[in-house]
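What the coordinates show
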Amino acid sequence: MKRRMSILLVVACAAGCSPSAELCPSRYLNDGDCDDGRLGALTNLCPLGTDEADCANVDPTVCQTTNDGECDDGRPGAPFHICAPGTDEADCAGLPPADADTNSVPPE
Ligand SMILES: [Ca+2]
Ligand SMILES: [Ca+2]
């Protein structure tokens, strides 16, 4: 029974492991780092809302990834959006400033 389940998981993953998978890999659960990509998270390795144990006490107004060399505050051109607009100024200096008016509203 156990063996069959693990094979099934491998097949399902091979068919399409994508960021939209519903589960956070167990290695990222309860590791003390918020990994589900919400504002204030340390990483976005897990789908939003799947790392509740580690993310419960995260302050969404505090960027944990400042000065890591990657812009994380979701402004236009930023590769990541795990920090509130304007909170990763150190890494986002070369990009246009975050604009609260247009930040979360896609064009059209
Ligand atoms: Ca975690
Ligand atoms: Ca950063």
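By convention here, each chain's residues receive numbers from 1 onward along its written sequence. Here chains are named by letter from A upward and ligands by number from 1 upward, in the order in which they appear as written. With pLDDT at 70 or above as the cut-off, local features in this predicted model cover only qualifying residues; side-chain atom pairs require 80 or more to be listed or tallied, and sums for whole chains, interfaces and linings still use all residues.

**Things to note about the overall build of the protein chain**
Cut-off, in case you're wondering: The numbering of helices and of strands both runs from the N terminus, where a helix is a DSSP run of H or I of at least 4 residues and a strand a run of E of at least 2. Here the contact rule is simple: place C-beta atoms from the backbone, and any two residues whose C-beta atoms are within 7 Å are in contact.
A count of helical and extended segments in the protein chain gives three helices and zero strands. Seen in sequence order, the protein chain has helices and strands lined up from the N terminus as α-α-α. The contacts of the protein chain with a sequence gap of at least 6 include a subset with a gap of at least 24, amounting to 21%.

**Regarding the confidence of the model for the protein chain**
The condition that has to hold: Confidence of the predictor at the level of single residues is captured by pLDDT, which takes values from 0 to 100.
When pLDDT is averaged along the protein chain, the result is 82, and 70% of the positions lie at 70 or above. The model gives residues 5–12 a pLDDT under 50, and that stretch makes zero contacts with residues more than four places away or in other chains.

**A few points about the nonpolar core**
Applied cut-off: A set of buried residues qualifies as a nonpolar core if it consists of Ala, Val, Leu, Ile, Met, Phe, Trp, Tyr and Cys joined through C-beta atoms within 7 Å. Whether a residue is buried, exposed or partly exposed follows from its count of other C-beta atoms within 10 Å of its own C-beta, namely 20 or more, 12 or fewer, or something in between, respectively; the C-beta atoms are built from the backbone.
The biggest cluster of nonpolar side chains holds nine residues, and these are C34, L39, A41, L42, C55, C63, I82, C83 and A84. Those residues in contact with C55, other than ones at most four positions away along the chain, are C34, D36, R38 and A41.

**Regarding the environment of L95**
Residue position: L95 is located in the segment after α3 (89–92). Residues L95 and A78 lie 17 residues apart in sequence; the distance between their C-alpha atoms is 7.5 Å. Ignoring any residue separated from it by four or fewer positions in sequence, one finds L95 in contact with C71, R75, P76, G77 and A78.

**Side note on the environment of F80**
Checked against the element boundaries, F80 lands in the loop between α2 (52–55) and α3. Look at F80 and you get partly exposed, because 18 C-beta atoms sit within 10 Å. Between the C-alpha atom of F80 and that of E70, which follows or precedes it by ten residues, the distance is 7.7 Å. Here F80 is in contact with N44, E70, C71 and D72, once residues within four sequence places are set aside.

**Remarks on the environment of D59**
Among the structural elements, D59 can be located in the loop between α2 and α3. Looking at D59, the number of C-beta atoms within 10 Å reads 10, which means it is exposed. Spatially, the C-alpha atom of D59 lies 9.9 Å from that of R38, the residues being 21 residues apart in sequence.

**Describing unusual backbone geometry**
One can expect most non-glycine residues to show negative phi and most peptide bonds to be in trans. Positive phi, close to 55 degrees, is recorded for N30, a residue that is not glycine. The topology assignment puts N30 in the loop between α1 (2–16) and α2. The residue N67 is not glycine, and still its phi comes out positive at about 60 degrees. Tracing the backbone through its elements, the reader meets N67 in the loop between α2 and α3.

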